[in-house]
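Here is what each chain is made of, one letter per residue.
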Amino acid sequence: MSTEDQTKPQDNDPPLDINLLKEIARKSLIDALNSVNGAKTLVLDPTIAGPLGLVTEVSLLKHHGVDKMFWLEPGPLTSSTTNIVYLCRPMIKYVKIIADHIKRHAKESSKHNYTLFLVPRLSSLVSKLLEEEGVLGDVTISAYNLQFIPIAEDVVSLECESAFKEIWVDGDETIVYDSAQALISLQRLFGLFPRILAKGDHAARLVKLLTTYLPQARTSSAPDTLSEISDEFDSLIVIDRRVDMITPLLTQLTYEGLVDELIGIKNCHVELPASLVTPPSGPAPSTSNAPPPPPPPPTSVANLRKESKKKYHLTDQLFMDLRDLNFSSVGKRLNQIARRLDEDYKTSLQAKTIPQLRDFVGKLGGLQSEHQALRLHTGLSELLIPMTRTEQFNKSLEIQQNLLASYNVPEQVAAIEDLISTGTDMQIIVRLLCLASLTAGGIKIKALENIKREILQAYGYNLLPLLLSLASPSLAVLLPNPLPPSTPQAVQALKYPFPSLSKSLRLLIDDSPEALEEVENDISFVYSGYAPISIRLVQCVAQKGGVLSNPAEKEKSQLSNGSDRGKFQAHPIVGWKGFEDILATIPGETLDIVQRGAEGATSSIRNLTRPREKSTTTVVFFLGGCTYTEIAALRWVGRQNRVGRRFLIATTGIITGTSLVDSIAGTRKTTQGDAGI
Amino acid sequence: MPDHPTASWEAMQGSSVFYRRQQLFTLDSKLPNFGEYIVAGCRYGGPIAMMRDSTKIIALNRATPSFAKSQIQVFSSAGEGLLLFSWDQAKIIRFGWTYDERLVVLNEEGVYRVYDLQGDYQQHSLGNEASELGVIDARIHENGMVAVTGSLTLLEVKGWDGGRPMTLANPKLSEPPNSWAVIPPDITVSRHVEVLLSVDNTVYTVDTLESIDQRLSQGPFTHICPSPNGKSLALLTFSGTLLVVSTDFQRRMAEFDTSSVTAEGQIQQVEWCGNDAITVTWDSLVVLVGPFADTLQYFYTGNTFAITEPDGVRIIGPDVCDLIQKVPAPNLSIFRPGSTSPAAILYDAWESFSQRSLKADESIRSIRPELASAVDGCIEAAGQEWEPYWQRRLLSAAKFGRGFLDFYNPTDFVNMGQTLKVLNAVRYYQIGIPLTYSQYTYTSPSHLISRLTSRNMHLLALRISTYLSLKPDVVLKHWASAKILRSRPTNTGTGTDAELDGDEEVCKLIVDKFKELGGADVSYAEIAKRAWEAGRVGLATKLLDHERRASDQVPLLLSMKEDRLALEKAVGSGDTDLVYQVLLHLHQHLTLGNFFRLIEDGGEKLAPASRLLQVYAREQNRDMLRDFYYSDDRRVESAVLALDEASRMSDPASRIATVKSAQKFFSEDKDRGFEAKMMDESVRLLTLQQQLETEAGENTTFFGLSVNETIRACILNGMIKKADKIKADFKVPDKRFWHIKLYALTEIRDFEGLDGFAKSKKSPIGYEPFVRHLVEKGHTKEAVAYVARCDPPKRADLYAECEEWRMAGKECKERGDKRKLEELRKKCPNSMVAREYDQILSTMK
């Protein structure tokens, strides 16, 4: 990747200040805690702790009267304070635990004041259950509205891990409603989205909620931003995960994506061996002599498990630089940085005068932290390399590439079977199998039954519900071909037109060495040659040229023509125009809505269609989660517009194919115990 | 021409501070004698409530309403009767006013009612404890109250929505306090309510956490009164000394001996006048005590009642209703005799101008630099003036001064004009809200509107809100509710038709009015609720059709027993919590059969509700879920549910039985042959595992493992034969079996067995996996043996992986693969090997 791509868009408007969201979340948490007077014991839902750790820190809680903290777990709770504050999502199992605590305390006749904060809002289900348990009268219930949390400078997330499963497996649309509320809050801060585009049935449902709820949310007589079209946003694009099931099934190949796939990133934190995270005692700057990183014995995977682990918050500057690179170029970049760092250190030797020396000492702190970050990421990528060299990893990559190219599908299915026999992780097998079904429009019934049997035998018969869920009409990602005649119409309509999409959206970029340049100049670099459908759809709205050909290519030709316009002025948002036919072939509703403010709507429409000098932000919301690679690809799209458009990525959570399969199978390991704060 | 403003002024502190007594209304004895009544007044020019004080004796033959029953009368400040109701419950302990002008009446059983000015009320309770012990006293502030129970503990109620009372820290009193007061939470430092109790010689400060003895010695106190801003406290001792201290008791601000005032009878009230002076009232005397213990005396013809306002004190006497306050700074600077402030000179200039005197120009010229502030001063002074005559004069002066300014933002001027128009309108005696400018700005215009609507003064409220360009919603909503209550179904037609007509008419009237006045956002549901409460079901349904907010529609629909409609609306809203609300309600009120039928008959429209019910039932009520699937013939779901249950069971026999039942469910669905077969296998496996466990002994578990794991466990435990049998029974493919066995044998380091196994027949997976797996597990030495059996081209690399560099070199040499050798040369671990490679390379050409 050329360094030019790395340069930030060169317009001077400050980007949207999403830290505001963090401040709001923090403020309302403090208000919630302060509403209970005196010292209190905080009992936390483990799934909230991670997200909460992104907006606040323990010291802040302590500062506001939190005496002790416990996980909300079954079993007795002993508290030394009269006030007990529960903070949890409105889930039935939690309510039962809380009721149990209260009853125990009543039996021991220890008197406590109970306050229950539900995230993100009150639930009548919870009060009903507490009533059934006979403890409703003892608990004061209120809500802590935790909505979008910034997890990077251009990404906000609801950090709800099970969103996908809840919508498409359980049919529980709570998260759709909560997302609509969160988007309304976003509009309340920055103004209405002038235009809303959506693809997918649930995305359409979300947008309908958003647009019908607005007049209702706009109740206060005071003028607020909900009646004005925003001048920060130019549009909202909502894409539900069902529209592009293929992308998350593939192995992510960017640095951040790969870390998530192989080690796992949770709420921006990754668990690493303690030796990597803590700087070595007495860092000697002069030892950074070798430009190619000195090869210490690579820590093996088995080793990694045993070693004591430490959480690391992925926020360092170096990581910002590396995260979106294809893993293959990470080594090169690390090398470059090591060289530069070395140079910087060497300047100290040339520093002769006192001011020069002072100058250097001033920079020293920055250099050292950079040095530490470099050490960490070198170590981290060394952890990854052996994992990417395994037979299974490469075999699975190969199958993925072949399936995407629709090359000899039966052979790929056989290859998947071989992978089963070598004892590959169940999640990888299921991902590949679903990928095969989606790209080929189903798997031959005989082969499918055979491989399903293999899976059940190899990994246990308890996976049968998983297989049934995958084939269920709402998900339909694992289907026989041809479909049995008894299949409901709905499933047939969900059949994915992958081969035609592959052409019309230019999904595959040739991976041959000559085309390497091209791969790096398209969003497909994130999967080494495959462009994520979801991002192509965003491009259909926000960078129409990018779908058809490479913007970077054009840029080159422009440069050679002597035109120094540099990158493009982003074109105005005109909806799906030009791609309606392609969108119609993808299952799921397509929507394009122009929102009008309370007054002066016509003028703002006019504003939309003329090119502006000011950058605007396009919000892309992934309902059901998105992967780090999709974020990387969107960032790449954003970088192509020197003037005019930024992306704000909003999602219900960060997913990988493995986390999807785990959530559907219900095999998620319950080891979030030490998450976050 | 009304009196000059200074006519009502009186000086204190050697004429540097002025207080004024503004007469608001003349009452002409419209009110009963305060001496015989318990009175509570509402702030911000609000009404007063009165109840006969049964501890006082009165002459018998006076024509007063019956005394047997408690009766509460409410009057406006202008003496107009607003409300009269009688109380039929237990003895009233206390009554007081809320911020939104509702009357709270608390009785000794801990029951309290919140009345609006129309006499409608909500009833709440302080809980069981309070009703058992009884309530002996209470203090009601604008947003809550604190009650003392019979056991002398303190209960706090926040807000007026019937919230659960909180127990405050126990001050451990042995007898009721001599006097006490509450500082409302919004003006304390901690933002939680503080209670001040006068006990013995001292005062206790009590909040939710602790009770602190302030260690005073002058007590006991007969009156404790916190100032409107919560910063200072007025205390009156039994001996008649008035003390003013800060609320944290750290500073003593003033001390005044009330016995120095020659007055008859006892002190009636100690109230604050704004935040800097205190009013002490006797029977017909009001004494204003300033910050430095200076006094002003005001005489009345009879008993008075004082109400603290944030900017003064309202005194209601037999004949007049007065506002006593410190003269506001802008007015003082203009009207003080001999004032030479810019504003005063501007006013003077304007007066000269209107008298066509030349002096005007001279005066303006002299204050040229401060003219802008002089204009502002006149505008502000106009706001504080009561008489429209003087308001107009001051505004004219401001307008006159404005003419000399080049740039002046007229917003303040316009706003003040508007505000004064509104204020003068509501100060009219028939409306009777003597609201001052600062009170108005403090309480906001919308508060004023709601006060007017609660008096049923809809037209005025509507005009004011249109005038101030506020949304008319609030007014319209209140109007509609009042309309419904007032209108009776017409009796002209016969039977039901007539009623329908009446409903139609009222509904149309309301909807039309809303459309006409632009009240698009009015909640029809609330109005519909009023209609329903008034027994007008037809009207309620009609109105509800106009409601767009499902969350408001649904509860009413449920109480109207429109179950299906409620469920449909809830589903349509997308708010899952609302759906749960309906589902749980219906589950409780319908028979299970009807409940299921309702959901199933809903079809696609109610599908989300059906799915939510399943999510809920899976966690909370599995029996119901089983019934639900069964009644709907959902075999697959039934089977999955059974499987889920099986996975939670620990007893092998029942687990097998449950899996069998799942198998049966699958077999009943002709499309699920595969699943049925799989479950059959599963049962077979479980049974087999049971046997294996008995054979292998205690320590090994087989039960619940997968086929792969079972084979592995067999090999680990040396039951090779069994493993082979499982392979045959479950038709495990060769490839998979070989891998399992390879892994298992490596795990127990049975390298001999592995060797035998490798030689047993030609490996279906080749020998490369052998090498790789052994290397991965660190058995490089054992791995080497298998390299020779691998494909020739791969051998060199595999040797290298086993760290057999020499062999690798040899392999390359034999195959003449120079390129490979060069590749290995780059990776080789030490110079010795490298040298060797170089040697080989040199021999190859």
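Only a predicted model underlies this, so the values are computations on that prediction, with no experimental measurement involved.

So, about the overall build of chain A. Within chain A, the regular secondary structure consists of 31 helices and 19 strands. Long-range pairs, those at least 24 residues apart, make up 81% of the contacts in chain A between residues at least 6 apart in sequence. A total of about 27,300 Å² of accessible surface is found on chain A, and carbon and sulfur atoms cover 55% of it.

Another point: the overall build of chain B. When helices and strands are tallied, chain B shows 33 helices and 29 strands. Split into buried and exposed, the 845 residues of chain B put 50% on the buried side. The long-range fraction of contacts in chain B, counting pairs at least 24 apart against all pairs at least 6 apart in sequence, stands at 48%. A total of about 40,000 Å² of accessible surface is found on chain B, and carbon and sulfur atoms cover 49% of it.

Let's shift gears to the interface of chain A and chain B. It is common to give the size of an interface as the accessible area that goes away when the parts come together. Between chain A and chain B, the contact holds 52 residues from the first and 52 residues from the second. Taken together, the two surfaces of chain A and chain B that pack against each other cover about 4,600 Å², and 52% of this comes from carbon and sulfur. Three residues, Asn37, Gln457 and Tyr461 of chain A, lead the burial of chain A against chain B; their summed loss comes to 14% of the area buried on that side. At the boundary of chain A and chain B, one finds five salt bridges.

Moving on, we get to helix α18 (residues 592-601) of chain B. Residue and element names in this part refer to chain B. If you check which residues of α18 are buried, you get Phe595, Phe596, Leu598 and Ile599. Considered in projection along α18, the buried side chains sweep an arc of 155 degrees and stay on one side of the axis. Note on α18: the residue one or two positions beyond its end, Gly603, has a positive phi of about 65 degrees.

The next thing to look at is the sheet that holds strand β3 (residues 37-41) of chain B. The strands making up a sheet associate through backbone hydrogen bonding, with each pair oriented either parallel or antiparallel. All names here are of chain B. The four strands lie next to each other as β3-β4-β5-β6, forming an open sheet whose pairing is antiparallel. Here the strands that pair on one side only, and so sit at the sheet edges, are β3 and β6 (81-87). Within the sheet, the average angular offset between the axes of one strand and its neighbour, ignoring direction, is 20 degrees.

This part takes up the packing of aromatic side chains. All names here are of chain B. All told, the structure shown has 29 aromatic pairs over all chains when counted by the stated rule. An aromatic cluster is built from Phe335, Tyr347, Trp350, Tyr389 and Trp390, whose rings are joined through pairwise contacts. The ring of Tyr767 carries Arg789 above its face, with NZ or CZ at 5.0 Å from the centroid.

Residues and elements named next belong to chain A. The five strands are arranged β2-β1-β3-β4-β5 in an open sheet whose pairing can be described as parallel. Either end of the sheet is taken by a strand with one partner, and the two such strands are β2 (66-71) and β5 (139-143). Here the strands of the sheet are splayed against their neighbours by 20 degrees on average, with no regard to which way each runs. With five bridges joining them, strand β1 (residues 40-44) and β2 adopt parallel strand pairing. Bridge pairing links Thr41 to Lys68 in β2.

Further remarks concern the pattern of salt bridges. Opposite charge on two side chains permits them to pair, given that their charged atoms come into close proximity. Residue and element names in this part refer to chain B. Considering all chains together, one arrives at 71 salt bridges over all chains under this definition. For the salt bridge of Arg94 with Asp137, the shortest nitrogen-to-oxygen distance reads 3.9 Å. Taken together, the residues Arg94 in strand β7 (residues 92-97) and Asp137 in strand β11 (residues 135-141) connect sequence positions 43 residues apart. Put simply, Arg622, Asp623, Arg626, Asp644, Glu645 and Arg648 are held in one network by salt bridges that share partners.

Let us look at the nonpolar core. Ranked by internal contacts, the top residues of the largest apolar core, which has 245 residues, are Tyr144, Phe148, Ile246 and Ile533 of chain A together with Phe770 of chain B. Judged by nonpolar contacts, the second largest core, of 74 residues, contains Val135 of chain A together with Ile510, Tyr524 and Leu556 of chain B.

All right, on to the confidence of the model for chain A then. All names here are of chain A. For chain A, per-residue confidence averages 79 on the pLDDT scale, and 82% of positions sit at 70 or higher. Segment residues 281-307 is flagged for pLDDT under 50; beyond a separation of four residues in sequence, or across chains, it makes 23 contacts in the model. Considering only residues more than four positions removed or in separate chains, one finds that residues 554-567, a stretch of pLDDT under 50, has 18 contacts.

All names here are of chain B. End to end, helix α6 (residues 388-402) covers 21 Å across 15 residues, agreeing with the expected 21 Å (1.5 Å per residue, within 8%). Of all the residues in α6, the buried ones are Trp390, Gln391, Arg393, Leu394, Leu395, Ala397, Ala398, Phe400 and Gly401. Turning to α6, the residues buried within the fold contact α2 (329-335), α3 (342-354), α4 (359-366), α5 (371-384) and α7 (411-427).

Residue position: Asn594 of chain B is located in helix α18. Reaching out from Asn594 of chain B, the side chain makes a polar contact with the side chain of Arg597 of chain B at a distance of 3.1 Å.

All right, on to the pairing of strand β8 (residues 103-107) of chain B then. Residues and elements named next belong to chain B. The buried fraction of β8 is high, at five of five residues. Here β8 shows no split at all, with Leu103, Val105 and Asn107 on one side and Val104 and Leu106 on the other all buried. The sheet contact formed by β7 and β8 spans five bridges and is antiparallel. By the bridge assignment for β8, Phe95 is matched with Val105. Here β7 folds back onto β8 in antiparallel fashion, the turn holding five residues, of which Glu101 has a positive phi close to 60 degrees. If you look at the hairpin formed by β8 and strand β9 (residues 111-115), you'll find three residues sitting between the two strands, and Gly110 has a positive phi there, around 80 degrees.

A word on the pairing of strand β21 (residues 241-246) of chain B. Residue and element names in this part refer to chain B. When you tally the buried positions in β21, you get six out of six residues, the bulk of the element. The pairing of strand β20 (residues 232-237) with β21 spans five bridges and is classified as antiparallel. Looking across to β21, one finds that Leu235 is bridged to Leu243. Here β20 folds back onto β21 in antiparallel fashion, the turn holding three residues, of which Gly240 has a positive phi close to 95 degrees. Where β21 folds back on strand β22 (residues 252-257), the antiparallel hairpin that results is connected by five residues, among which Phe249 adopts a positive phi of roughly 60 degrees.

Omega for the bond connecting Val119 of chain A with Pro120 of chain A falls within 30 degrees of zero, at 0 degrees, which places this linkage in the cis form. Within the secondary structure layout, Pro120 of chain A lies in the loop between β4 (113-118) and α6 (124-133). Positive phi is not limited to glycine here, since Ala293 of chain B has a value of about 65 degrees. Within the secondary structure layout, Ala293 of chain B lies in the loop between β25 (285-289) and β26 (295-299). With phi around 55 degrees, Asp633 of chain B is a residue other than glycine that occupies positive phi space. With respect to the element layout, Asp633 of chain B can be found in the loop between α20 (622-631) and α21 (635-648). For Asp633 of chain B, a relative accessible area of 53% puts it in the exposed group.

Mean pLDDT over chain B works out to 86, with 96% of the residues at or above the 70 mark. Segment residues 491-498 of chain B: pLDDT under 50, and two contacts once partners within four positions in sequence are set aside and those in other chains are kept.

Before going further, it helps to spend a moment on the side chain of Thr378 of chain A. The residue Thr378 of chain A is located in helix α16 (residues 354-388) in this model. A polar side-chain atom of Thr378 of chain A sits 2.5 Å from the main-chain carbonyl oxygen of Leu374 of chain A.

Right, let's talk about the packing of helix α30 (residues 792-801) of chain B against helix α31 (residues 805-815) of chain B for a bit. Residue and element names in this part refer to chain B. With their axes 7 Å apart at the nearest point, α30 and α31 run at an angle of 160 degrees to one another. When the axis of α30 is compared with that of α31, the two are roughly antiparallel. Seen from above, α30 lies across α31 with left-handed handedness. Residues Pro792, Pro793, Arg795, Ala796, Tyr799 and Ala800 of α30 pack against Trp805, Met807, Ala808, Glu811, Cys812 and Arg815 of α31.

Scoring rules and cut-offs
Residues numbered from 1 in each chain as written. Chains lettered and ligands numbered in written order. Predicted model: local features only at pLDDT ≥ 70, side-chain atom pairs only at ≥ 80, totals over all residues. Heavy atoms only, no water. Helix = DSSP H or I, 4+ residues; strand = E, 2+ residues; numbered from the N terminus. Contact = heavy atoms within 4.5 Å. Areas by Shrake-Rupley, 256 points an atom, 1.4 Å probe, with all protein chains shown as cover. Buried < 20%, exposed > 50% of the residue type's maximum accessible area, 1.4 Å probe, protein only. Buried area = accessible area lost by both parts, 1.4 Å probe. Salt bridge = Lys/Arg side-chain N within 4 Å of Asp/Glu carboxyl O. Arc of directions from axis to C-beta. Pairing = 2+ DSSP bridges. Axes fitted to C-alpha atoms, helices over the stretch in contact; angles between N-to-C directions. Phe/Tyr/Trp six-rings, centres within 6.5 Å; stacked < 30°, edge-to-face > 60°. Lys NZ or Arg CZ within 6 Å of the ring centre and 35° of its normal. Core = buried A, V, L, I, M, F, W, Y, C linked by side-chain atoms within 4.5 Å. pLDDT = per-residue confidence, 0-100. Expected span 1.5 Å × (residues − 1). Polar contact = N/O pair within 3.5 Å; in protein donor to acceptor, adjacent residues only side chain to side chain. Parallel < 35°, antiparallel > 145°, perpendicular 65-115°, else oblique. Left-handed = near helix turned anticlockwise from the far one by under 90°.

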